[in-house]
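Working through the structure, step by step
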Amino acid sequence: MNIRDKILIVEDERSISGFIKTVLVGNGYDVILAHSGAEAFSMVSSHCPDLVVLDLGLPDIDGMDIIEAIREWTQLPIIVVSARTLEKDKVEALDKGADDYITKPFSAAELLARVRVAIRHTRASGIMTGSQKYVSGDLTVDYDKHMVTIKGENCHLTQNEFKIVALLSRCAGKVLTYDFIMKELWGPQSRGSNQILRVNMANIRRKIEKNPADPKYIFTEVGVGYRMVEAE
Amino acid sequence: MNSILKKAQEYFPLSWKGWIVFFLGMAGGSLICTLLQAVSTSDVHVPMIFVLMVLIISMLTDGYFYGILAAVASVFAVNWAFTYPYMKLDFSAYGYPLTFITMLAVGIASSALASRLKEHQKLRLEAEREKTRANLLRSVSHDLRTPLTAISGSVSAVLEDNGAMTEQEKRELLENAREDAQWLYSMVENLLSITRINGAGEIVKKEEMLEEVLSEAVVNFKKRNPDIAIEISVPEDIVFIQMDATLIEQVLLNMMDNSVAHGGKTNQIVISAEEDGDAVAVTVADNGNGIPPRILNHLFDGSLQFEGARGKDSNRFIGIGLAVCKTIVEAHGGTLSARNRPEGGAEFRFTLKKGEETHEYTGQNFDR
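Residues numbered from 1 in each chain as written. Chains lettered and ligands numbered in written order. Predicted model: local features only at pLDDT ≥ 70, side-chain atom pairs only at ≥ 80, totals over all residues. Heavy atoms only, no water.

As a further point, take the nonpolar core. Inside soluble globular proteins, nonpolar side chains tend to come together where they are buried. If you look at the biggest cluster of nonpolar residues, it comprises 53 residues, and the most contacted ones within it are Met256, Ile271 and Phe350 of chain B. Phe350 of chain B has contacts with Ile248, Val251, Leu252, Met255, Val280, Ala281, Val282, Val329, Thr335 and Leu336 of chain B, leaving out every residue within four places of it along the chain. Judged by nonpolar contacts, the second largest core, of 30 residues, contains Ile150, Cys155, Leu168 and Tyr226 of chain A. (Core = buried A, V, L, I, M, F, W, Y, C linked by side-chain atoms within 4.5 Å. Buried < 20%, exposed > 50% of the residue type's maximum accessible area, 1.4 Å probe, protein only. Contact = heavy atoms within 4.5 Å.)

Turning our eyes to something else, we now look at the packing of helix 7 (residues 210-224) of chain B against helix 8 (residues 245-262) of chain B. All names here are of chain B. Across the interface, helix 7 lies against helix 8 with an axial gap of 9 Å and an inter-helix angle of 45 degrees. The angle between helix 7 and helix 8 places the two elements in the oblique class. With respect to the hand of their crossing, helix 7 and helix 8 are arranged in right-handed fashion. Within the contact between the two elements, helix 7 uses Val213, Leu214, Glu216, Ala217, Val218, Asn220, Phe221 and Arg224 and helix 8 uses Ala245, Ile248, Glu249, Leu252, Leu253, Met256, Asp257 and Val260. Each residue belonging to the contact of helix 7 with helix 8 can be placed in one class, and the counts come to 11 nonpolar, 1 polar and 4 charged. (Axes fitted to C-alpha atoms, helices over the stretch in contact; angles between N-to-C directions. Helix = DSSP H or I, 4+ residues; strand = E, 2+ residues; numbered from the N terminus. Parallel < 35°, antiparallel > 145°, perpendicular 65-115°, else oblique. Left-handed = near helix turned anticlockwise from the far one by under 90°. Nonpolar A, V, L, I, M, F, W, Y, C, P; charged D, E, K, R; others polar.)

With that settled, the discussion passes to a negative patch on the surface. Side chains of Asp62, Asp65, Glu68 and Glu72 of chain A sit close together on the surface and give a patch of like negative charge. Residue placement: Asp65 of chain A occurs in helix 3 (residues 63-71). (Patch = residues over 30% accessible without salt bridge, like charges linked within 9 Å, V, L, I, M, F, W, Y side chains within 5 Å. Areas by Shrake-Rupley, 256 points an atom, 1.4 Å probe, with all protein chains shown as cover. Salt bridge = Lys/Arg side-chain N within 4 Å of Asp/Glu carboxyl O. Lys, Arg positive; Asp, Glu negative; His and termini not counted. Charge placed at Lys NZ, Arg CZ, Asp CG, Glu CD.)

All names here are of chain A. Where strand 10 (residues 175-177) and strand 12 (residues 225-228) come together, 3 bridges link them in antiparallel fashion. Within the sheet, the bridge partner assigned to Leu176 lies in strand 12 and is Tyr226. In this structure, strand 11 (residues 218-221) lies alongside strand 12, joined through 4 bridges in antiparallel fashion. Bridge pairing links Glu221 to Gly225 in strand 12. Hairpin connection from strand 11 to strand 12: 3 residues lie between these consecutive antiparallel strands, with Gly223 at a positive phi of about 85 degrees. (Pairing = 2+ DSSP bridges.)

Each partner contributes residues to the interface: chain B has 33 residues there, and chain A has 33 residues. Taking both sides of the interface into account, the surface hidden between chain B and chain A amounts to around 3000 Å²; carbon and sulfur atoms contribute 47%. Measuring nitrogen to oxygen at the nearest pair gives 2.7 Å for the salt bridge that ties Glu211 of chain B to Arg206 of chain A. Linking chain B with chain A are 12 residue pairs in polar contact (both at pLDDT 80 or more), by the criterion used here. Elements with a minimum of two residues in the side of chain B that touches chain A: helix 6 (167-196), strand 1 (206-209), helix 7, strand 2 (229-233), strand 3 (238-243), helix 8 and strand 7 (346-359) of chain B. Counting residues per element, the side of chain B that touches chain A draws most heavily on helix 7 of chain B, which supplies 8 residues. Grouping the constituent residues of the side of chain B that touches chain A by class yields 13 nonpolar, 5 polar and 15 charged. (Buried area = accessible area lost by both parts, 1.4 Å probe. Polar contact = N/O pair within 3.5 Å; in protein donor to acceptor, adjacent residues only side chain to side chain.)

To continue, consider the side chain of Ser215 of chain B. Assignment of secondary structure puts Ser215 of chain B in helix 7. What Ser215 of chain B contacts, discounting residues up to four positions off in sequence, is Ala213 and Pro215 of chain A together with Ile232 of chain B.

Given 3.6 residues to a turn, an α-helix orients residues that are three or four positions apart in the same direction. An ideal rise of 1.5 Å per residue puts 44 Å on 30 residues; helix 6 of chain B measures up with 43 Å between its terminal C-alpha atoms. Along helix 6 of chain B, the residues that are buried comprise Ala177, Asp180, Trp183, Leu184, Ser186, Met187, Glu189, Asn190 and Ser193 of chain B. (Expected span 1.5 Å × (residues − 1).)

Residues and elements named next belong to chain A. Along its sequence, chain A is carved into domain 1 (6-126) and domain 2 (133-228). The centre of domain 1, based on its C-alpha atoms, is set 26 Å off from the matching centre of domain 2. Broken down residue by residue, the surface that domain 1 buries against domain 2 is led by Asp99, Tyr101 and His121, which jointly contribute 39%. Taken together, domain 1 and domain 2 are joined by 2 salt bridges. Lys174 is the salt-bridge partner of Asp99, the closest N and O atoms lying 3.6 Å from each other. Elements represented by at least two residues in the side of domain 1 that touches domain 2 include exactly helix 4 (87-96), strand 5 (100-104) and helix 5 (108-123). Ranked by the residues each element gives to the side of domain 1 that touches domain 2, the list is headed by helix 4, at 5 residues. Considering only residue class, the side of domain 1 that touches domain 2 consists of 4 nonpolar, 1 polar and 7 charged. (Domains from an automatic or database assignment.)

The subject of this paragraph is empty space enclosed by the protein. Residue and element names in this part refer to chain B. On inspection of all chains with the given rule, the structure shows 1 cavity of 30 Å³ or more. Put simply, the largest cavity is a space of about 30 Å³. In terms of lining residues, the largest cavity is bounded by Leu210, Glu211, Val234, Pro235, Asp237 and Val239. For the lining of the largest cavity, the residue count by class is 4 nonpolar, no polar and 2 charged. (1 Å grid on protein atoms, 1.4 Å probe; cavity = no way out; pocket = protein on both sides within 12 Å on 5 of 7 lines; lining within 4 Å. Points joined across faces, edges and corners; volume = space filled by probe spheres on them.)

What follows covers the sheet that holds strand 12 of chain A. Residues and elements named next belong to chain A. Strand order in the open sheet formed by 3 strands is 10-12-11, with antiparallel pairing between adjacent strands. Single-partner strands in this sheet number two, and they are strand 10 and strand 11. Neighbour-to-neighbour, the strand axes of this sheet turn through a mean angle of 30 degrees, independent of strand direction. Here helix 7 (residues 159-170) sits on the sheet and contacts strand 10, strand 11 and strand 12; the angle it forms with strand 12, its principal contact strand, is near 65 degrees.

The subject of this paragraph is the packing of aromatic side chains. For the coordinates displayed, the defined rule picks out 8 aromatic pairs over all chains. Between Phe19 of chain A and Phe106 of chain A the ring centres are 5.7 Å apart and the planes differ by 25 degrees, which places this aromatic pair in the stacked class. Here the residue Phe19 of chain A occupies a position in helix 1 (residues 14-26), and Phe106 of chain A occupies one in the loop between strand 5 and helix 5, the gap between them amounting to 87 residues. Owing to a relative accessible area of 11%, Phe106 of chain A belongs among the buried residues under this scheme. Seen from their ring centres, Trp19 of chain B and Tyr66 of chain B are 5.3 Å apart, and the 85 degrees between their planes marks the pair as edge-to-face. You can see Trp19 of chain B sitting in helix 2 (residues 16-39) and its partner Tyr66 of chain B sitting in helix 4 (residues 65-82), a full 47 residues away along the chain. By relative accessible area, Trp19 of chain B is classed as partly exposed at 31%. Put simply, the rings of Trp19, Phe22, Phe23, Phe65 and Tyr66 of chain B pair up and form one aromatic cluster. The cationic tip of Arg170 of chain A hangs over the ring face of Tyr143 of chain A; the distance from NZ or CZ to the ring centre is 3.9 Å. (Phe/Tyr/Trp six-rings, centres within 6.5 Å; stacked < 30°, edge-to-face > 60°. Lys NZ or Arg CZ within 6 Å of the ring centre and 35° of its normal.)

So, about unusual backbone geometry. All names here are of chain A. A cis amide bond links Lys104 to the next residue, Pro105, at an omega of -5 degrees. Take Pro105: it is sitting in the loop between strand 5 and helix 5. With phi around 50 degrees, Lys151 is a residue other than glycine that occupies positive phi space. With respect to the secondary-structure elements, Lys151 resides in the loop between strand 8 (147-150) and strand 9 (153-154).

Shown next, in the form of structure tokens:
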């Protein structure tokens, strides 16, 4: 019998934590529950979970503080649960070190996909960069040849555009914020407007997507960043 | 002491606008009198004209201050410039104190009347707003109650079942419950959207790329309605628009929800954006039954939500959803319209002003 991944759910609303627990247990995860921030701290250190699902609106401690505190000593993946209308919170949580977020209301399938991606990325953080190619549908990103192809045809991306696609595909399934992408691409001192990145992205869409308004590979999370579909 | 000051400020508020109105009014009165002096030797009309000016100034300014000031100033102006002896103050003329008191009284009385009138108007506006709010609350509460009843009913039927129900029946009940819950969620999202627009209709706008907002709205819609085919088309140029993306997505979601909920046989929605001068027009068209002509003209005025509240539950969303669309689009300075397409189905259309920056897509590469 293989060891099951242990997931800590930090959520004060029992009906929601109950629903998340049922879904995760039904799909082969071990689940522990914390109903407050204080409880969450002690459980993170005593149970060493493989992943934390964290609701931002806890009664005792601000969710952002929990993320910061956990990040001081461990890189264990954190998925934040937030309301749709609070894009500022999402960005702040991601910048503080959360791995991903999921917007209420979410389906069981969405939750499982996020959990799977987050666990895989920490497991494979060394291996992912070593892999040669990313393939999804007709799209192939060839890291060695610095080339993106659709159905085998070169998309003629520029240097910058390739770097963006390569970065997103290496983190496929995960949302990357504008700030994160800009820092990865143009160094830590790149500040200010994300306009250039967004225009680059619009050009990429016109090159790799059949219909730029109905993308199949790279999705925009407006106000937050981009997410590339998981590889096949 | 403070309260006295506050009271004084309430009755005698000072403002730039007040001073401007005051000086313009006085100057206007003097000008008219000067002109009339040229054609007539009598000066009976002079006090009348100044009383009129006092009245106008009181009406156009807040509080009592400018009205009274205008009355006093008029008394001096009439005495000094327009009655014999000209260009000289002379209060010794027979009956003058009476004129003085009359003008002052007129000034105070008209200021008081004007203030009362304005207060009245404010009260009436507030009462109207209160009424709208109460109506909205009433219809929302009703709208929330129906699906909640259905959800708790379906779920308890499944829970309390003692083997009489087939799997299929249970599934149907649970599916209905989920559908109702999703409807409730979109209702709450709409209400939250309204709170994002503050009383003055102001919103926090950011430069957003239109195609990204459209596609995110469609992705969210598809999560709930996987069976509806959606086509989107956008201009080849990259269009940036100043907007609150969450709100514009709400508009699109409401329109698409509408197409599905009220179109009857809708299974295809076409969203297209076109540049139209310095604006962009977004249309959401479906292949459903179209909008009944009876309600076509009342779609956005919010009157339908009350029709829904009277028990026509199939209509329950249309009122609030579209009224919210209208509020959002207007807060962005755009326009909203609806029509039936000649080839069948309904079409909703709204416009938004383009940002200053549009990036023409030339197919060429540009790096940083």
